Amino acid sequence: MPEFDSVIRSRRTVVPEGTRPACVGIRDGRIEAIRPYAAELSAREVVDLGETALLPGAIDLGTGVHVPGQELRESYLRAGEAALRGGVTCVVASPAPGRPAIICADSLQLHQRAAAGTAVPMAFLGGVTRGTGPLDLADLHAGGVVAFQGSLSDGGAPDMAALEDAQLRKAMAEIAALNALLVVHAEDARELGTPPVSAEQRPPRAERRGLERVIAAARVVGARTHVAPFTAAECAALLAAAGAVGVGLTAHTCPHYLCLPSEYPGPGSPARACRPPLRSDANRKALWSALLEPDSAILTVGSGHLPAIGLYTLEWSLAALWTAARKRGLSLSDLARWTSQAPADLLGLGGRGRIREGFDADLVAFGDRAAQTVPTSDPSPYAGMRLTGRVERVWVAGRPTRVAPAARAGTAEQAGTAEQAGAGGPRV
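Values in this document were obtained by computation on a predicted structure and should not be read as measured data.

Rules used in this analysis
- The residue count restarts for each chain, going from 1 along the sequence in the order it is written.
- Residue-level local features of this predicted model are given only where pLDDT is at least 70; pairs of side-chain atoms are given and counted only at 80 or more, and the full residue set underlies all totals for whole chains, interfaces and linings.
- Just so you know, side-chain values use all the structure's heavy atoms and leave hydrogens and water out.
- Buried, partly exposed and exposed residues are distinguished by accessible area as a fraction of the type maximum, computed with a 1.4 Å probe on protein chains only: under 20%, between the cut-offs, and over 50%, respectively.
- Helical segments are the DSSP runs of H or I of at least four residues, strand segments are the runs of E of at least two, and each set is numbered from the N terminus.
- Pairing between strands requires that DSSP locate at least two bridges from one strand to the other.
- Here, the term right-handed applies to a crossover whose path from the first strand over the helix to the second runs clockwise when the strands point away from the viewer.
- Think of it this way: a Phe, Tyr or Trp ring, Trp meaning its six-membered ring, pairs with another when their centres are within 6.5 Å, and the plane angle makes it stacked under 30 degrees, edge-to-face over 60, tilted otherwise.
- Here the axes come from fitting lines to C-alpha atoms, over the contacting stretch only for helices, and the angles between their N-to-C directions go from 0 to 180 degrees.
- Only heavy atoms matter for contacts: two residues are in contact if any of them lie within 4.5 Å across the pair.
- N or O atoms closer than or at 3.5 Å make up a polar contact, with two conditions inside protein: a donor-capable atom paired with an acceptor-capable one, and, for residues adjacent in sequence, both atoms drawn from side chains.
- Only buried residues count toward a nonpolar core. Its members are Ala, Val, Leu, Ile, Met, Phe, Trp, Tyr and Cys residues joined through side-chain atoms within 4.5 Å.

Colleague: Teacher, can you tell me more about the pairing of strand β6 (residues 58–63) here?
Modeller: Two faces, one strand: in a regular strand the side chains alternate between the faces of the sheet. With five of its six residues buried, β6 lies for the most part within the structure. Both β6 and strand β7 (residues 88–93) contribute to a ladder of five bridges, which runs parallel. For Asp60, the partnering residue across the bridge sits in β7 and is Val91. Following the chain from β6 across helix α1 (residues 72–85) to the adjacent parallel β7, one finds a crossover that is right-handed.

Here you go:
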């Protein structure tokens, strides 16, 4: 009998040590062997990708899944399909906006049932709001949430009201006792006003003030905290200072904050709905600088997919991030670290996020030199942009999956650069 279920070869396999030619042997959904590219391994199926890169599948943190007016089951099915097209092999769903919000064991079970059998595995964040008690957190943790999420403003939903300082410290203490992680939307409600101002009027000072509150609470309690999304580059010094005094604070950002300056999108662009909003081109460049600092506290980069406000980004985020990273001379190893390795480590998703023996065979064939144009009719903030990088094939737990034709929309060709199609667009 064949030694492996399947073997995948690539001359550019992204393993934790770097990118090298390799042959990956898969059995029972796991990576059982990594050998030299030309190694003769017996398998029922052999795939030779040649120069197409082989990446670990992305893990998308804090994905907003539920589409208003749509059945929860349908929302999860569609999110799974979009994830596959974007090279995401594990979605970590936000507790809100969703109906119902994931704030108790019963609502968690409802979401778990709705997500059963989706194209990619779904993990869940448990919601923290004003009425959340220690038993709710314990039940959610026992039910399988991989972390918790709360907001200092309107980053969640009506079911997840903004946390005041006392509530934040209390939740942090209870989550720390569970040895779990708290993800926080850190814009400060008082700086935004009541009702909250429009997306264009959400100033960086709201993020700065919220970050100060998070740091103060985490310093007292000693809780592991991840700020998501982090957008205001002027706050990078606050992140670094928190680490210097021993606060376990890290951060997450999204490709649209790294790729799209506020000067770019037109009045009707979905990018206008971002919360926090897109910042200036100067901020975008400074955010890259903060991300690339040695020992940066900005660990993870994810789609920020949030259809509840019209932000559909799962399908294009990996390519958008790579377009901008490649221009800056960065490597596929950097891409894998931000989108796969760091999220897996942060959330304790053992066996995911790396191409390594003993890990799940969640793999992506990525044409990192292929260009594609996002259709102008696409509901994403990348509509009309020409991106470098295309998901060619995806394996989830070693099983080959079909990438829907929608991922092939637009033109595709070999290209050394990528920019906005037509005149006047941003160079990411």
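Colleague: Looking at this structure, how should I read the packing of aromatic side chains?
Modeller: To describe a pair of aromatic rings, you give the distance between the ring centres and the angle between the ring planes. One pass over the full model with this rule turns up two aromatic pairs. Geometrically, the ring pair formed by Tyr76 and Phe124 is edge-to-face, given 6.1 Å between the ring centres and 70° between the ring planes. Of the two residues, Tyr76 sits in helix α1 while Phe124 sits in strand β8 (residues 122–127), which places them 48 residues apart along the sequence. There is no split in this pair, since Tyr76 and Phe124 are both buried. Between Trp288 and Trp338, the aromatic rings sit 6.0 Å apart at their centres with planes inclined by 65°, giving edge-to-face as the arrangement. Placement of the pair is Trp288 in helix α9 (residues 281–291) and Trp338 in helix α11 (residues 332–347), with a sequence separation of 50 residues.

Colleague: Just checking my understanding: could you explain the sheet that holds strand β10 (residues 181–185) for this structure?
Modeller: Pairing between the strands of a sheet is mediated by backbone hydrogen bonds and can be parallel or antiparallel. Judged by pairing direction, the sheet is parallel, and its eight strands sit side by side in the order β6-β7-β8-β9-β10-β11-β12-β13 without closing on themselves. Among the strands making up the open sheet, the edge pair consists of β6 and β13 (298–301). Ignoring which end each strand starts from, the neighbouring axes of this sheet average 30° apart.

Colleague: Sorry, what's going on with the environment of Gln167 here?
Modeller: One can find Gln167 in helix α4 (residues 165–177). For Gln167, a relative accessible area of 27% translates into the label partly exposed. It is 6.5 Å that separates the C-alpha atoms of Gln167 and Arg130, two residues lying 37 residues apart in sequence. With residues up to four places along the chain from it excluded, the contact list for Gln167 reads Arg130 and Ala162. From its side chain, Gln167 meets the backbone nitrogen of Glu164 in a polar contact 2.7 Å long.

Colleague: I tried to follow the nonpolar core on my own but got confused; where do I start?
Modeller: As a rule of thumb, soluble globular proteins bury nonpolar side chains together. One finds Tyr76, Phe124, Phe148, Val214, Leu249, Trp288 and Phe366 to be the most contacted residues of the largest nonpolar core, which totals 93 residues. No other element matches helix α10 (residues 317–327), which puts seven residues into this core. Dropping the residues within four chain positions of it, Tyr76 is found in contact with Val65, Ala93, His111, Ala114, Ala115, Thr118, Met122 and Phe124.

Colleague: Looking at this model, I keep getting lost on the pairing of β8. Mind explaining?
Modeller: Of all six residues in β8, six are buried, a share of seventy percent or more. The alternating pattern of β8 places Met122, Phe124 and Gly126 and Ala123, Leu125 and Gly127 on opposite faces, both of which are buried. Pairing between β7 and β8: three bridges, direction parallel. Paired with Val92 across the bridge in β8 is Ala123. Bridge count for β8 against strand β9 (residues 147–151) is three bridges, and the pairing is parallel. Bridge assignment links Gly127 to a residue of β9, and that residue is Gln149.

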